[in-house]
Amino acid sequence: IYGHVLSPPAHAETLSQRYGLVTVFRCPKERALSNFHMAVRNGVIPDCIETWLYGPVGRRMCQAYLRYLSGKNTVPECDQPTAVATAKSALAQFSVVGFLDDLLGFQTSIKSEFGVTPPMPRYNRAPSRTWTLSDKQTQRLEELLAPDRELYGFAEKHFRPKPSVRSENAVSASVLAKQMP
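Before going into details, it helps to say that this report is about the structure given with it. (Residues numbered from 1 in each chain as written. Predicted model: local features only at pLDDT ≥ 70, side-chain atom pairs only at ≥ 80, totals over all residues. Heavy atoms only, no water.)

Our focus in this paragraph is the packing of aromatic side chains. Under the counting rule described, the total for this entry stands at 5 aromatic pairs. When the ring of Phe25 is compared with that of Tyr65, the centres are 4.2 Å apart and the planes differ by 40°; the resulting orientation is tilted. With Phe25 in strand S1 (residues 22–25) and Tyr65 in helix H5 (residues 64–70), this residue pair connects regions lying 40 residues apart in the sequence. Given a relative accessible area of 8%, Tyr65 falls into the buried group. Residue placement shows Arg31 over the ring face of Tyr65; its charged tip is 4.3 Å from the ring centre. Lying over the aromatic face of Phe99, Arg160 brings its terminal NZ or CZ to 4.1 Å of the ring centre. (Phe/Tyr/Trp six-rings, centres within 6.5 Å; stacked < 30°, edge-to-face > 60°. Helix = DSSP H or I, 4+ residues; strand = E, 2+ residues; numbered from the N terminus. Buried < 20%, exposed > 50% of the residue type's maximum accessible area, 1.4 Å probe, protein only. Lys NZ or Arg CZ within 6 Å of the ring centre and 35° of its normal.)

The structure is reproduced here in structure tokens:
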């Protein structure tokens, strides 16, 4: 099973007893703005960032991790603290959590956990776009992203591979050696 799956926490708990659960996180802001751009490009929503930021589609796109991991398609603002806790509990059941900015690390974690290295095709790569948001738009975007940023931080703390002191020292020594005459 793969793709964007809305999964109640009971599924994660039950499935993790028999299967390894895996997901990849992307920077919430990059993901949300990319989703907006894709929806505009595909004619799903109008090209109006204001309408998106203050409407239900923007809220749902900005809170994808919260929705997927809490198992709720829509999370009212008053329910966000409980949904974040539920989502963290579900995320803790995963075997491997990767990050889009470190797919090699993700593949290494998969190999370590399951003994295989998965191919990493990128089917939905879209043209990049530079975003210029007003201060008010940026503030609103950050408000909407707060739950997903919290979940991203939780995932980083618990799943992102930490560079070892040995590897950092080896890199430093290598750089110094190249600089010496």
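Let us now look at the pairing of strand S2 (residues 96–99). Burial along S2 is two-sided: Val96 and Gly98 facing one way and Val97 and Phe99 facing the other are all buried. In this sheet, S2 lies alongside S1 in parallel orientation, the contact comprising 4 bridges. Looking at the pairing, Phe25 lines up with Phe99 of S2. (Pairing = 2+ DSSP bridges.)

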